[in-house]
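For reference, the chains in residue letters:
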Amino acid sequence: MFYRSMSKMIFIISLFFFAIPNAFAVGAFPASTHTVTIQPIIVSDDDGSNMATFFGLPDQKTDIEGFIDNIWGQAGIDVNFLSANVWSNTFANSGSGGTRPGSDLRAIVNSATTAGVIHTNPDFINMFFVNTPAGFSPLSLNSAAGLAFVGNNGITQYVGSNLLDFGSGRDVIAGVVAHEIGHNLGLSHTASRINNLMSPSGSGNALTIGQIDTVLNSRFVVSAVPLPAAIWFMGSGLIGLISFSRKRGQLQNTVI
């Protein structure tokens, strides 16, 4: 579905597919020399009920974050998740019912800024874990989905709790989260169903040299030792079969 509002285009992607994310072996990439820092914000309703799912138990969280690091290891980037903030806001968590407009992402970020729940460092990415992400209708517990600004700060992320219980499900969560981070780092969607992290159909996790060069120039990436992007480029992985959904979205050319 496509919605056009003023001079911006909002892409809302809702596709089912059968694929396991590309498999990256731990230690397959050189040591990371860049860092992206994420401030997770776990949202509940106003009364504290219906808290959104984050990354599960400690071992599940370690698994998900490790896979995200393996994906972004292609660019020499270590993704650092801070301790989560908690925010009680029914609108941010679920919207007003039905399909949420993509513009809810901006409203959530603005409200969170007023509430003081975002990180004080403007170069740390704020990722809101909600029960219904901006741009989507309520989703099943077998889904992971998100909507993010391109080149700007802010992500709404949904994690279906059923995916936490098995390795391939956690890989799907990691793939969607890594994809949405890519949007904040300046990457737009590629063509669908190709082996690329930014494919809206969730069909791969590879990055091109050009994409790596783009993200390494993002203000959200802290570089300790600048290195040519080509050093971090690597090819494709493996594809398998599984029966859950991954849904990815972006807000194009939007400035907060």
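Given the structure is predicted, the values throughout are model-derived calculations rather than measurements.

**Structural notes on the overall build of the protein chain**
Helix and strand content of the protein chain: five helices and 10 strands. Residue burial in the protein chain is summarised as follows: out of 256 residues, 53% are buried. With the model as given, the accessible surface of the protein chain reaches about 10200 Å², and the carbon-plus-sulfur share is 58%.

**Some points on the environment of Gly97**
With respect to the secondary-structure elements, Gly97 resides in the loop between helix H2 (90-94) and helix H3 (104-115). Distance in space between the C-alpha atoms of Gly97 and Ser137 is 8.1 Å, their sequence separation being 40 residues.

**Digging into the side chain of His189**
Relative to the assigned elements, His189 resides in the loop between helix H4 (167-184) and helix H5 (209-216). Reaching out from His189, the side chain makes a polar contact with the side chain of His179 at a distance of 3.2 Å. Separated by 3.2 Å, the side chains of His189 and His183 make a polar contact.

**Notes on the pattern of salt bridges**
Under the counting rule described, the total for this entry stands at four salt bridges. Between Asp123 and Arg219 there is a salt bridge whose closest N-O contact spans 2.7 Å. Pair noted here: Asp123 is in the loop between H3 and strand S6 (125-129) and Arg219 is in the loop between H5 and strand S9 (222-223), with a separation of 96 residues, a long-range link. For Asp123, a relative accessible area of 31% corresponds to the partly exposed category.

**Points about the pairing of strand S4 (residues 77-81)**
Side chains of S4 alternate between two faces, with Ile77, Val79 and Phe81 buried and Asp78 and Asn80 left unburied. Sheet analysis places strand S3 (residues 34-44) next to S4, joined by five bridges and oriented parallel. Pairing of His34 across the sheet is with Ile77, part of S4.

**Points about the nonpolar core**
The biggest cluster of nonpolar side chains holds 41 residues, and the ones touching the most others in it are Phe55, Ile68, Trp72, Ile77, Ile181 and Leu185. Those elements that provide at least two residues to this core are S3, helix H1 (58-72), S4, S6, strand S7 (143-149), strand S8 (155-159), H4 and H5. Here this core gets seven residues from one element, more than from any other, and that element is H4. Each residue touching Phe55, except ones within four places of it in the same chain, is listed here: Gln60, Lys61, Ile64, Glu65, Ile68, Phe81, Phe129, Leu164, Ile173 and Val177.

**A look at the packing of H1 against H4**
Close contact between H1 and H4 brings their axes to 9 Å; oriented N to C, the two are set at 50°. Considered as vectors, H1 and H4 are oriented oblique to each other. Between H1 and H4 lies a crossing of right-handed hand. On H4, the residues touching Gln60, Asp63, Ile64, Phe67, Ile68, Ile71 and Trp72 of H1 are Arg170, Asp171, Ile173, Ala174, Gly175, Val177, Ala178, Ile181 and Gly182.

**Examining the environment of Ile212**
Looking at the element boundaries, Ile212 is found in helix H5. Sequence separation between Ile212 and Ala75 is 137 residues; the distance between their C-alpha atoms is 5.6 Å.

**Focus: the packing of aromatic side chains**
On inspection of all chains with the given rule, the structure shows five aromatic pairs. When the ring of Phe54 is compared with that of Phe129, the centres are 4.7 Å apart and the planes differ by 75°; the resulting orientation is edge-to-face. Placement of the pair is Phe54 in the loop between S3 and H1 and Phe129 in strand S6, with a sequence separation of 75 residues. Per residue, the accessibility class of Phe54 equals that of Phe129, and both read buried. Put simply, the rings of Phe54, Phe55, Phe81 and Phe129 pair up and form one aromatic cluster. We note Arg100 situated over the ring of Phe91; from NZ or CZ to the ring centre the distance is 5.2 Å.

**Brief notes about H5**
Every α-helical turn comprises 3.6 residues, leaving residues that sit three or four positions apart pointing alike. Residues Gln211, Ile212, Val215 and Leu216 constitute the buried set of H5. Within H5, the buried residues cover an arc of 130° as seen down the axis, which keeps them to one side. Here the buried face of H5 lies against S3, H1 and S4.

**Here's the deal with H1**
The terminal C-alpha atoms of H1 lie 21 Å apart, and with 15 residues this matches the ideal 21 Å at 1.5 Å per residue to within 8%. Residues Gln60, Ile64, Glu65, Phe67, Ile68, Asn70, Ile71 and Trp72 constitute the buried set of H1. Close packing links the buried residues of H1 with S4, H4 and H5.

Reading the values: the criteria
Residues numbered from 1 in each chain as written. Predicted model: local features only at pLDDT ≥ 70, side-chain atom pairs only at ≥ 80, totals over all residues. Heavy atoms only, no water. Helix = DSSP H or I, 4+ residues; strand = E, 2+ residues; numbered from the N terminus. Buried < 20%, exposed > 50% of the residue type's maximum accessible area, 1.4 Å probe, protein only. Areas by Shrake-Rupley, 256 points an atom, 1.4 Å probe, with all protein chains shown as cover. Polar contact = N/O pair within 3.5 Å; in protein donor to acceptor, adjacent residues only side chain to side chain. Salt bridge = Lys/Arg side-chain N within 4 Å of Asp/Glu carboxyl O. Pairing = 2+ DSSP bridges. Core = buried A, V, L, I, M, F, W, Y, C linked by side-chain atoms within 4.5 Å. Contact = heavy atoms within 4.5 Å. Axes fitted to C-alpha atoms, helices over the stretch in contact; angles between N-to-C directions. Parallel < 35°, antiparallel > 145°, perpendicular 65-115°, else oblique. Left-handed = near helix turned anticlockwise from the far one by under 90°. Phe/Tyr/Trp six-rings, centres within 6.5 Å; stacked < 30°, edge-to-face > 60°. Lys NZ or Arg CZ within 6 Å of the ring centre and 35° of its normal. Arc of directions from axis to C-beta. Expected span 1.5 Å × (residues − 1).

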